[in-house]
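Descriptive structure summary
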Amino acid sequence: MDNRLVFLTALLVTLSWMSVGTYAATTTAAATTTAAATTTAAATTTAAATTAAATTTAAATTTAAATTAAATEAPPIMPNTNVTTLMTTINRTDCGDEQLCAAQPSDCDPSTSSSCFFLAAKQISGRNFEFGLSGESDGYIAATLSLDSELGGNDTTYVCAKDGGVVKFFAALLDNDMLTVKELNVGSVKGKIDGNKIQCTFSATVPRALSKTKQFALGISTGTYNSTDGTLGSPKFQFKSGLLDLANPNVTVTTTTAAPTEAPPIMPDTTVTTLMTAINRTDCGDGQLCAAQPSDCDPSTSSSCFFLAAKQISGRNFDFGLSGESDGYIAATLSLDSELGGNDTTYVCANNGSGVQFFGALLDNGMLTVKELKVGSVKGKIDGNKIQCTFSATVPQALSTKTKQFALGIANGTYNSTDGTLGSPKFQFKSALLNLADPNATVSNVLLPTSHAITIQQSLTQALLITVGVLVLTVL
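Residues numbered from 1 in each chain as written. Predicted model: local features only at pLDDT ≥ 70, side-chain atom pairs only at ≥ 80, totals over all residues. Heavy atoms only, no water.

Regarding the overall build of the protein
Going by this rule: Each helix is a run of DSSP H or I of at least 4 residues and each strand a run of E of at least 2, with the numbering of both proceeding from the N terminus. Burial status follows relative accessibility: with a 1.4 Å probe on protein chains alone, a residue under 20% of its type maximum counts as buried, one over 50% as exposed, and anything between as partly exposed. By definition in these notes, contact holds between two residues if any of their heavy atoms fall within 4.5 Å. The method behind every accessible area is Shrake-Rupley, applied with a 1.4 Å probe, and residues are considered shielded solely by the protein chains displayed.
Counting secondary structure elements, the protein contains 2 helices and 30 strands. Counting over 476 residues, the protein shows a buried share of 39%. Contacts in the protein between residues at least 24 apart in sequence constitute 56% of all its contacts with a sequence separation of at least 6. Looking at the protein as shown, the accessible area adds up to about 25,300 Å², and 56% of this sits on carbon and sulfur atoms.

A short note on the sheet that holds strand β19 (residues 317–325)
Selection criterion: In this analysis, strands are considered paired if DSSP registers two or more bridges between them. Helix axes are fitted to C-alpha atoms over the stretch in contact, other axes to C-alpha atoms as well, and angles between N-to-C directions run from 0 to 180 degrees.
Across the sheet, 6 strands lie side by side as β16-β24-β25-β19-β18-β17; this open sheet has mixed pairing. In this open sheet, the two strands that pair with only one neighbour each are β16 (272–274) and β17 (289–293). Averaged over all adjacent pairs, the angle separating strand axes in this sheet is 20°, with direction ignored. Of the strand pairs in this sheet, β17 and strand β18 (residues 306–314) are connected by 5 bridges, and their pairing is antiparallel. Note on β18: the bridge partner recorded for Ala292 is Phe307.

Concerning the sheet that holds strand β10 (residues 197–205)
Pairing within the open sheet is mixed, and its 6 strands lie in the order β1-β9-β10-β4-β3-β2. Edge strands, defined here as strands with exactly one partner in the open sheet, are β1 (83–85) and β2 (100–104). Shown here is a sheet whose adjacent strand axes are inclined to one another by a mean of 20°, direction ignored.

Let's talk about the environment of Ser338
Tracing the backbone shows Ser338 in the loop between β20 (329–335) and β21 (342–351). In this structure the C-alpha to C-alpha distance between Ser338 and Leu408, which are 70 residues apart in sequence, comes to 8.7 Å. Setting aside chain neighbours within four positions, we find Ser338 in contact with Ala407, Lys430 and Leu433.

Some points on the environment of Gly242
Here Gly242 is to be found in the loop between β14 (236–240) and β15 (244–245). Distance in space between the C-alpha atoms of Gly242 and Leu218 is 7.2 Å, their sequence separation being 24 residues. Those residues in contact with Gly242 that sit more than four places away from it in its chain are Phe216, Ala217, Leu218, Thr254 and Thr256.

Examining the pattern of salt bridges
Rule in force here: Salt bridges, as used here, are contacts in which a Lys or Arg side-chain nitrogen is within 4 Å of a carboxyl oxygen on Asp or Glu.
Under the definition given, this model contains 3 salt bridges. With a closest N to O distance of 3.6 Å, Asp286 and Lys162 form a salt bridge. Of the two residues, Asp286 sits in the loop between β16 and β17 while Lys162 sits in strand β6 (residues 153–163), which places them 124 residues apart along the sequence. For Asp286, a relative accessible area of 18% translates into the label buried.

Considering unusual backbone geometry
In the segment running from Gln104 into Pro105, the intervening peptide bond is cis, with an omega of -5°. On the secondary structure map, Pro105 appears in the loop between β2 and β3 (117–125). Despite not being glycine, Asp283 shows a phi value in the positive range, around 75°. Locating Asp283 in the fold gives a position in the loop between β16 and β17.

Brief notes about the side chain of Ser137
Tracing the backbone shows Ser137 in the loop between β4 (128–136) and β5 (140–146). Setting aside residues no more than four positions away along its own chain, Ser137 makes contact with Lys162, Asn196, Ile198, Thr222 and Gly223.

Some details on the packing of aromatic side chains
The test is simple: For this analysis, a ring pair means two rings from Phe, Tyr or Trp (six-membered ring only for Trp) whose centres lie within 6.5 Å, classed as stacked if their planes differ by under 30 degrees, edge-to-face if by over 60, and tilted for the remaining angles.
Per the counting criterion, the structure on display carries 12 aromatic pairs. Considering the side-chain rings of Phe320 and Tyr347, the 5.6 Å spacing of their centres and the 35° angle between planes classify their relative orientation as tilted. Of this pair, Phe320 sits in strand β19 while Tyr347 sits in strand β21, and the two are 27 residues apart along the sequence. There is no split in this pair, since Phe320 and Tyr347 are both buried. Here Phe320 and Phe391 contribute two aromatic rings whose centre-to-centre distance is 5.3 Å and whose plane-to-plane angle is 20°, an arrangement assigned as stacked. Here the residue Phe320 occupies a position in strand β19, and Phe391 occupies one in strand β25 (residues 386–394), the gap between them amounting to 71 residues. The pair formed by Phe320 and Phe391 is uniform in burial state, with each residue classed as buried. A connected cluster of aromatic rings, assembled from ring pairs, spans Phe129, Phe131, Tyr158, Phe169 and Phe202.

Description of the side chain of Asn351
Convention followed: Distance and chemistry together define a polar contact, namely a pair of N or O atoms within 3.5 Å, with one atom able to donate a hydrogen and the other to accept it when in protein, and with adjacent residues in sequence counting only for side-chain atoms on both sides.
Within the secondary structure layout, Asn351 lies in strand β21. Note on Asn351: relative accessible area 16%, which makes it buried. Polar side-chain contacts of Asn351 include one of 2.9 Å to the backbone nitrogen of Gly353. Apart from the residues within four sequence positions on either side, Asn351 is in contact with Asp327, Gly328, Ile382, Gly384, Ile387 and Tyr415.

Digging into the state of the cysteines
To be explicit about the condition: In plain terms, two cysteine sulfur atoms within 2.5 Å form what is called a disulfide here.
Tallying each qualifying case throughout the model produces 6 disulfides. Two residues share a disulfide in this structure: Cys95 and Cys101, whose sulfurs sit 2.0 Å from each other. Between Cys95 and Cys101, the S-S torsion sits near -85°, and that sign places the bridge as left-handed. A relative accessible area of 23% places Cys95 in the partly exposed class.

Topic: the confidence of the model for the protein
Put simply, the rule reads: pLDDT runs from 0 to 100 and stands for how confident the predictor is about each residue.
Across the protein, pLDDT averages 81, with 76% of residues at or above 70. Below pLDDT 50 for its whole length, residues 11–71 participates in 0 contacts with residues either more than four positions away or in separate chains. Taken as a whole, residues 450–458 scores under 50 in pLDDT and shows 0 contacts with residues more than four places along the chain or in a different chain.

Quick notes on the pairing of strand β26 (residues 405–413)
Of all the 9 residues making up β26, 8 are buried; the element is thus mostly covered by neighbouring parts of the structure. Pairing between β20 and β26: 7 bridges, direction antiparallel. Along β26, the bridge assignment pairs Thr333 with Gly409. Bridging between β26 and strand β30 (residues 434–435) involves 2 bridges; their strand directions are antiparallel. Opposite Phe406, over in β30, you have Leu434 as the bridge partner. Both β26 and strand β29 (residues 426–430) contribute to a ladder of 4 bridges, which runs antiparallel. If you follow Gly409 over to β29, its bridge partner there is Lys430.

Next comes the structure, spelled out in structure tokens:
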């Protein structure tokens with residue numbers, strides 16, 4: 001019995017220890033599992049947090065980058081409209097390649113054409129552009145940028161005005177056909193004047209466009225400018241485009257403005273009214289072409305001065321001023337070649353005893369034949385033997401379509417006020433062919449003035465007297 005009791009006791013103890021071991025193993029496994037799960041969860045949480053942090057960092061980085069990118073837009077041009085001399089000539093180089101070009105006529109080159117309204121735009125950075133503007137005007141030329149297709153609703157306008165022989169720049173807003181000067185972001189202005197051709201370059205910060213692309217309608221215009229009070233007249237548009245991308249050099253640029261038609265000819269009317277002001281040299285080489293004998297004489301002060309001034313109004317219409325000394329008439333002749341006298345247009349201002357009488361005539365073989373010409377707005381006055389007259393005239397169609405090339409002549413002659421007979425002209429001045437529309441054209445007298453001949457004769461006489469004197473002294 002005792003041995004069996006001992007055996008049973010040992011068996012129970014063994015089973016008890018096995019049970020405790022199993023429980024310990026289970027507990028350990030559970031603890032290990034729990035710990036692992038906890039560790040895994042923690043790791044997951046940490047990873048998620050790290051990911052979130054990374055995401056947040058990335059978002060912050062992206063925002064910062066975007067902010068930095070936005071902040072790098074070039075600053076606007078600092079306003080400075082002081083004008084320095086433009087040393088080069090604006091031309092069509094880089095049109096369609098590096099710069100957008102608009103022109104009327106569409107293919108004209110402002111460096112060579114006598115009639116070309118031209119605008120070039122080249123993007124520097126963002127809203128900053130370089131512009132080149134060229135055109136013909138005795139007042140101003142201007143470029144207008146509009147955010148819609150209509151020019152004139154407070155639209156940015158850049159104005160280059162002819163102020164004597166130099167360019168004066170204005171920034172302005174165009175509204176209801178009126179220009180109001182306003183400070184805009186414009187700088188680096190350069191300009192030059194060549195006759196009635198105005199050219200200027202400048203940098204400008206253009207208005208903020210309504211779309212992603214810099215869409216503007218462009219306009220090129222001319223107008224009057226009063227240099228005394230700085231008044232800018234209403235613009236007359238020579239070119240206008242639809243909306244286009246200003247930053248795209250290859251954009252198609254076409255004008256929606258009809259090409260300006262040639263002005264109608266002057267209606268013939270040779271009625272003479274009194275000339276209240278004296279003809280003078282004001283604007284010679286600037287607003288008007290001048291020819292004179294002597295070359296620098298002033299008809300308002302000189303007692304001997306044969307003078308002709310010509311100023312283009314539009315197309316073939318010109319204003320003329322003629323002055324000279326004669327008891328009969330003074331006349332201006334325009335020839336399409338270098339020879340005066342082949343049925344050439346001649347404008348005659350005669351002294352009829354009580355005032356000026358005007359004749360249109362043709363000069364052929366030294367004879368004047370009165371003929372109705374397209375002349376009007378005639379004014380004249382007599383002061384002793386000085387005759388002065390002004391008139392508007394439509395000049396003949398020049399042989400060169402691009403330039404109005406004429407040879408000029410200034411003459412005087414006899415006039416019989418009883419029967420209206422005009423004697424043969426005696427030319428005091430004659431030029432070579434020149435561009436009548438260019439105030440800066442070189443004008444010189446190809447005739448040998450009488451005073452020079454007298455001087456030469458006197459010089460020869462003096463030389464002979466000196467020679468005779470030397471010979472006499474030698475004999476003695």
